[in-house]
There are 2 protein chains.
Amino acid sequence: MTVTPVGTHCILELFGCSPELLNDEAFIRETVAQSSREGMSTLIQLSSHKFSPQGVTALALLAESHISIHTWPENGYAAVDVFTCGETANPQLACAYLARAFDSDSHTLRMLPRGFTTQGSHGPSTTHLHEESKLCPAVN
Amino acid sequence: MTVTPVGTHCILELFGCSPELLNDEAFIRETVAQSSREGMSTLIQLSSHKFSPQGVTALALLAESHISIHTWPENGYAAVDVFTCGETANPQLACAYLARAFDSDSHTLRMLPRGFTTQGSHGPSTTHLHEESKLCPAVN
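Residues numbered from 1 in each chain as written. Chains lettered and ligands numbered in written order. Predicted model: local features only at pLDDT ≥ 70, side-chain atom pairs only at ≥ 80, totals over all residues.

K.L.:
Is there a simple way to explain the overall build of chain A in this structure?
P.N.:
Of regular secondary structure, chain A possesses four helices and seven strands. Within the span of chain A, comprising 140 residues, buried residues form 51% of the whole. Long-range contacts, defined here as pairs at least 24 residues apart, represent 67% of the contacts in chain A between residues at least 6 apart. (Helix = DSSP H or I, 4+ residues; strand = E, 2+ residues; numbered from the N terminus. Buried ≥ 20, exposed ≤ 12 C-beta atoms within 10 Å, placed from the backbone. Contact = placed C-beta atoms within 7 Å.)

K.L.:
Looking at this structure, I do not really get the nonpolar core. What am I missing?
P.N.:
The tendency in soluble globular proteins is for nonpolar side chains to be buried side by side. Membership of the largest hydrophobic core comes to 72 residues, with the highest contact counts inside it found for Leu-14, Cys-95 and Leu-98 of chain A together with Leu-14, Cys-95 and Leu-98 of chain B. Excluding residues within four positions of it along the chain, Leu-14 of chain B makes contact with Tyr-77, Ala-78, Val-80, Leu-98, Ala-99, Phe-102, Ser-104 and His-107 of chain B. (Core = buried A, V, L, I, M, F, W, Y, C linked by C-beta atoms within 7 Å.)

K.L.:
Looking at this model, I keep getting lost on helix H2 (residues 25-38) of chain B. Mind explaining?
P.N.:
Spacing of three or four residues puts side chains on the same side of an α-helix, whose turn is 3.6 residues. All names here are of chain B. Between its first and last C-alpha atoms H2 spans 20 Å; for 14 residues at 1.5 Å apiece the expected length is 20 Å, and the two agree. Those residues of H2 that fall on the buried side of the exposure criterion are Ile-28, Val-32, Ser-35, Ser-36 and Glu-38. Around the axis of H2, the buried residues are gathered within 160 degrees of arc, so they sit on the same side. Each element contacted by the buried residues of H2 is listed here: strand S2 (43-50), strand S3 (56-62), strand S4 (65-72) and helix H3 (91-101). Looking one or two residues beyond H2, the residue adopting positive phi is Met-40, at roughly 55 degrees. (Expected span 1.5 Å × (residues − 1). Arc of directions from axis to C-beta.)

Note that every value here comes from positions in space, so none of it alone points to a role or purpose.
Quick look at the structure:
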């Protein structure tokens, strides 16, 4: 059974970010849109929501998959994921841009391969999927 | 430094799904909406896009974070993630529902804790974030 990864799913944790920026829905929308460009991907739709009393979620639907961000301004924390497929996009560049844009003091990035089996009729690509996620301590 | 997970990020791979269902945008929108209910979460916005010649992406913005699905009908494969925070939602139930809804022959589920530091001014919650993802081979 051969495994073909469809892409890379980056799980990014941003710490020590600017609380003001993390609570600014307009800034977050523009920053996520820009991160899609930095990551050489194509934005198709962008949805967002501002929570009460604080916090923002933005979801970018990309031609190459998606970017999500959920913010906790009270903790200076944002949970991000950038999932891109194909040969062109570079999700690490999008992650690096986001870490800079939110003035993050520190961050961690886990990179998960995603994929499907290309030979063999069914069944999970066990070797591939059970592989440990690759941790990249610095992206910028 | 104490770590408080904000929630759980489920990375779900669905194999051997119905190609017809994976290419049906209306079905996918309804299924994702229902999965948010199954997972005891609250849907705020739902965006989707049908690709040419095939494949669908749907993104659900939840009060508790998000659900995403990207489909490859030609491979019977769907890449899903369900991220929920808070005490009420149960992302595993949403994953189990999605696996059933797409007639998946097999699937894998990785569960990643997400979180921020609640003591200590800055810095990543290293112990927590470098923890191996927990693999749950069956969700339904």
